[in-house]
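Examination of the molecular architecture
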Amino acid sequence: MLKKQRGFTLVEIAIVLVIIGLLLGGILKGQELITSARVRNIADQNSGIQAAYYGFIDRYRQIPGDMLATVAQDAIGSTVPAGIGGNGNGRLETDDYSEASALWAHLSAAQFIQGAYTGGATDDATYVAQTASPINAFNGRVMLTRTANYADGGTPSIRLALAIGNKIPVNVMRELDVKIDDGFPETGVLRHSSVTTGTTVFSSTAGCADATKWLIDGTEQDCTAIYLY
């Protein structure tokens, strides 16, 4: 006697394929939403820091981070860690970790930003290791300073700028650039970092961008950019 063969009907197979398609579509859409949320987080963090920096200047007539430690404690109060401040010359020193970390201590003590920051960093290692600075949505340290560490196609001038923190995937970086600037890594206010070696807060993998575009066909996961104020 012959056994009757059993299997899935075309309708059943079609239903399964539709369900798989819906699941895959939901996963991809979820990933897009997560990416967009992180892009918004980075953009909002930058706007908040910029507002806090200029708000501090408006209130105290001093540059946060550059403000003398004694003046900061007199003006802001004992919430400023003792001895944390700059040289009081009216500007942030170029790529100076001491003043860059003091900046966060001053802003947080004056309640312009959330968090409690200790200041006192002297180099990249101490800046990253201690609670001296905020982090971005990808756990990279951000830094507000005067710097020329940005791509320019020539010789960049020293500018007040925010290093928005590394560890950012290249596709997220491009989406951020499109959202808040012109989408190109060497023009506008958001520039690719020119530091492509080492492990400083400015360092960004060379494969993140070339002179004309963000290299989103690649898989670089450790990119950063400099937002010029």
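Below you will find a few notes about this structure. For clarity, every value in this text was computed on a predicted model and none was experimentally measured.

Rules of the game
Residues numbered from 1 in each chain as written. Predicted model: local features only at pLDDT ≥ 70, side-chain atom pairs only at ≥ 80, totals over all residues. Heavy atoms only, no water. Helix = DSSP H or I, 4+ residues; strand = E, 2+ residues; numbered from the N terminus. Buried < 20%, exposed > 50% of the residue type's maximum accessible area, 1.4 Å probe, protein only. Pairing = 2+ DSSP bridges. Contact = heavy atoms within 4.5 Å. 1 Å grid on protein atoms, 1.4 Å probe; cavity = no way out; pocket = protein on both sides within 12 Å on 5 of 7 lines; lining within 4 Å. Points joined across faces, edges and corners; volume = space filled by probe spheres on them. Nonpolar A, V, L, I, M, F, W, Y, C, P; charged D, E, K, R; others polar. Phe/Tyr/Trp six-rings, centres within 6.5 Å; stacked < 30°, edge-to-face > 60°.

As for the environment of Asn41
Mapped onto the secondary structure, Asn41 falls in helix H1 (residues 10-60). Classification of Asn41 as partly exposed rests on a relative accessible area of 40%. Between the alpha carbons of Asn41 and Leu176 there is a distance of 9.9 Å; along the sequence they are 135 residues apart.

Quick look at unusual backbone geometry
Of note, Asp95 is a non-glycine position whose phi angle comes to about 50 degrees, a positive value. By the secondary structure assignment, Asp95 is in the loop between helix H2 (69-75) and helix H3 (97-109). Backbone geometry at Asn139 places phi at a positive 70 degrees, although glycine is not the residue there. Residue position: Asn139 is located in the loop between helix H4 (124-129) and strand E1 (143-147).

Observations regarding the pairing of strand E4 (residues 225-228)
Every second residue of E4 is oriented toward a common face, with Ala225 and Tyr227 on one face and Ile226 and Leu228 on the other, all of them buried. The sheet contact formed by strand E2 (residues 159-163) and E4 spans three bridges and is antiparallel. The partner of Ala161 across the bridge, within E4, is Leu228.

Describing the pairing of E2
A large share of E2 lies buried, amounting to four of its five residues. Here five bridges tie E1 to E2, and the two strands are oriented antiparallel to one another. Bridging across to E2, Arg146 finds its partner in Leu160.

Looking at the environment of Val39
Relative to the helices and strands, Val39 is located in helix H1. The exposure class of Val39 is buried, given its relative accessible area of 1%. Sequence spacing of Val39 and Ile180 is 141 residues, and the spatial spacing of their C-alpha atoms is 9.8 Å. In contact with Val39, other than residues within four places in its own chain, are Val172, Glu175, Leu176 and Lys179.

Overview of the layout of surface pockets
Its volume calculated, the largest pocket comes out at about 210 Å³. As for the largest pocket, its lining consists of 13 residues, of which Val128, Gly140, Arg141, Asn166 and Lys167 are closest to the centre. Residue composition of the lining of the largest pocket, grouped by class: three nonpolar, six polar and four charged.

Some remarks on the packing of aromatic side chains
A complete count under the given rule lists six aromatic pairs for this structure. Between Tyr227 and Tyr229 the ring centres are 5.9 Å apart and the planes differ by 75 degrees, which places this aromatic pair in the edge-to-face class. As far as burial versus exposure is concerned, Tyr227 and Tyr229 are alike and both buried. One aromatic cluster in this structure is built from Tyr53, Tyr54, Tyr227 and Tyr229.

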